[in-house]
Amino acid sequence: MTTTGEAFEESVQALSRAGVDDPRLDARLIAAFALNRAPEHIFGFPEVELEADEIRLLRTLVARRVAREPLALITGEKEFWSLRFVVTSATLIPRPDSETLIEAVIRTFPDKAAPVKILDLGTGSGCLLLSLLHEYENARGIGTDISEQALIVARTNAKRLELEGRVEFVYANWNDGACNFADFHIILCNPPYIPEGDRDSLQHEVRQYEPHGALFAGPQGLSEYSTIVPLLPDLLKEGGWVFFEVGAGQAETVAEMLRGAGMYSISISPDLAGIGRCVSAKL
Ligand SMILES: C[S@@+](CC[C@H](N)C(=O)[O-])C[C@H]1O[C@@H](n2cnc3c(N)ncnc32)[C@H](O)[C@@H]1O
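All figures in this text were calculated on a predicted structure; none of them were measured in a lab.

(A) View of the overall build of the protein. Across its full length, the protein holds twelve helices and nine strands. Whereas a compact globule of 283 residues would reach a radius of gyration of roughly 19 Å, the protein reaches 21 Å, a difference of no more than 12%. Along the longest, intermediate and shortest principal axes, the C-alpha atoms of the protein span 70 × 40 × 35 Å. The buried share of the protein, taken over its 283 residues, is 50%. In the protein, the share of contacts with a sequence separation of at least 24, taken over all contacts with a separation of at least 6, comes to 66%. Accessible surface computed for the protein: about 13100 Å², of which carbon and sulfur atoms make up 50%. With 26 positive and 41 negative side-chain charges, the protein shows a spacing of 1 Å between the two charge centroids.

(B) Expanded view of the site of the ligand. Around the ligand, 17 residues are found, and the nearest of them are G122, D145, N173, N190 and A214. Between an oxygen atom of the ligand and a side-chain N or O atom of D145, the distance comes to 2.6 Å. Between N190 and the ligand, the recorded distance is 2.8 Å, taken from a side-chain N or O atom to an oxygen atom. Against a free-state accessible area of 600 Å², the protein chains account for coverage of 95% of the ligand.

(C) Spotlight on the domain arrangement of the protein. Under the domain assignment used here, the protein contains domain 1 (4-67) and domain 2 (88-282). Look at where the C-alpha atoms of domain 1 and domain 2 centre, and you get two points 35 Å apart.

(D) Region of the structure containing unusual backbone geometry. Positive phi, normally seen in glycine, also occurs at N36, with a value near 55 degrees. With respect to the secondary-structure elements, N36 resides in the loop between α2 (23-35) and α3 (39-44). A positive phi angle, close to 70 degrees, is found at D183, a residue other than glycine. Mapped onto the elements of the fold, D183 is located in the loop between β5 (167-171) and β6 (184-189). Relative accessible area serves as the criterion here: at 41%, D183 is assigned to the partly exposed category.

(E) A look at the state of the cysteines. One pass over the structure, following the stated rule, counts zero disulfides. Cysteine C127 shares no disulfide, and the gap to the nearest cysteine sulfur, in C189, comes to 12 Å. The exposure class assigned to C127 is buried, which follows from its relative accessible area of 8%. Unpaired in this structure, C189 has its nearest cysteine sulfur neighbour in C278, at a distance of 11 Å. Classification of C189 by relative accessible area gives buried; the value is 0%.

(F) Expanded view of the side chain of T123. You can see T123 is positioned in the loop between β3 (117-121) and α7 (127-135). At 2.7 Å, the side chain of T123 and the side chain of D120 are in polar contact. Beyond its immediate stretch of four places on either side in the chain, T123 contacts G143, T144, D145, L151, A154 and F169.

(G) A look at the packing of helix α6 (residues 99-108) against α7. Direction vectors running N to C along α6 and α7 enclose 35 degrees, while the axes themselves pass 10 Å from each other. The two elements α6 and α7 meet at a crossing, and its hand is right-handed. Only L128, S131, L132 and E135 of α7 make contact with α6, whose side of the interface consists of L101, I102, V105 and I106. In the contact of α6 with α7, the residues fall into six nonpolar, one polar and one charged.

(H) Fine view of the packing of aromatic side chains. Applying the stated rule across the entire model yields three aromatic pairs. Centroid distance F80 to F85: 6.3 Å. Interplanar angle 70 degrees. Geometry classified as edge-to-face. The same class applies to F80 and to F85, which are both buried. Centroid distance Y225 to F244: 5.3 Å. Interplanar angle 80 degrees. Geometry classified as edge-to-face. Taken together, the residues span a long stretch of sequence, with Y225 in helix α10 (residues 223-228) and F244 in strand β7 (residues 236-245) at a distance of 19 residues. An identical accessibility class is assigned to Y225 and F244; each is buried. Positioned above the aromatic ring of F184 is the side chain of K117, whose terminal nitrogen or guanidinium carbon lies 4.8 Å from the ring centre.

What counts and how
- Residues numbered from 1 in each chain as written.
- Predicted model: local features only at pLDDT ≥ 70, side-chain atom pairs only at ≥ 80, totals over all residues.
- Heavy atoms only, no water.
- Helix = DSSP H or I, 4+ residues; strand = E, 2+ residues; numbered from the N terminus.
- Rg over C-alpha atoms; globule rule 2.2 N^0.38 Å.
- Buried < 20%, exposed > 50% of the residue type's maximum accessible area, 1.4 Å probe, protein only.
- Contact = heavy atoms within 4.5 Å.
- Areas by Shrake-Rupley, 256 points an atom, 1.4 Å probe, with all protein chains shown as cover.
- Lys, Arg positive; Asp, Glu negative; His and termini not counted.
- Charge placed at Lys NZ, Arg CZ, Asp CG, Glu CD.
- Near = heavy atom within 4 Å.
- Polar contact = N/O pair within 3.5 Å; in protein donor to acceptor, adjacent residues only side chain to side chain.
- Domains from an automatic or database assignment.
- Disulfide = S-S within 2.5 Å.
- Axes fitted to C-alpha atoms, helices over the stretch in contact; angles between N-to-C directions.
- Left-handed = near helix turned anticlockwise from the far one by under 90°.
- Nonpolar A, V, L, I, M, F, W, Y, C, P; charged D, E, K, R; others polar.
- Phe/Tyr/Trp six-rings, centres within 6.5 Å; stacked < 30°, edge-to-face > 60°.
- Lys NZ or Arg CZ within 6 Å of the ring centre and 35° of its normal.

Here's what the structure looks like:
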């Protein structure tokens, strides 16, 4: 028989050999998921003996992480803005850096009872839009994507968070020009922004397992902003705001594009590492 403590140590060894960043943390979270126990149980009750099917499932999941599959795809969930989101290989895994956009919106629109209309371009799991609908109880929103599989995940997340009555997730491609939407108070957009040339230097987890349609955007990583910025005047209400997520070193260029499109009150908000991560502007 194998105990929980022995299985945990075996997992840590396997993950360390594979070069996983924090093997003890990942081993604990995978064990908690596989054994359907709280993470603290793994340390608290090391002497508990595992059933054969439990140890088999644990080893299968650890082997996936050894192959550098992201933890969120193994557990099928990722926390964002203190909410839990379903994620699949069709969606970008929500990043803590993207919470910079949520904070910037809340600073700009402090009235949480306001009946704001929000558009989320390239919604993925729906994490940005659904987090804001959770904050603004009278807000309504539309999330768009060109990935039908991502739209299915976003609808699932809306249901799980009991927000489906205030949101629609629809197919729309910003390369097809202005869509049939208009009059939004807030536009959120975290478009693909990684330069094509950075493909080989990405973490294996990202390059191998996250959807490339969510990642890459031309030689400088700026091609999607160039397409989307000219659409904004047709999509926003007069006085409405856009909140773009940008990659490291892109904020000034995106701010300049917005200035060129006649938008004002442009501001750049840093993420926790001090990198300009959100560019906001008013129409
Ligand atoms: C970087 S991900 C952001 C996902 C999510 N908003 C987040 O912050 O986690 C970009 C998303 O844009 C979508 N996308 C890429 N090109 C698009 C296009 N031309 N029109 C609409 N959506 C697009 C991708 O499928 C992907 O879901």
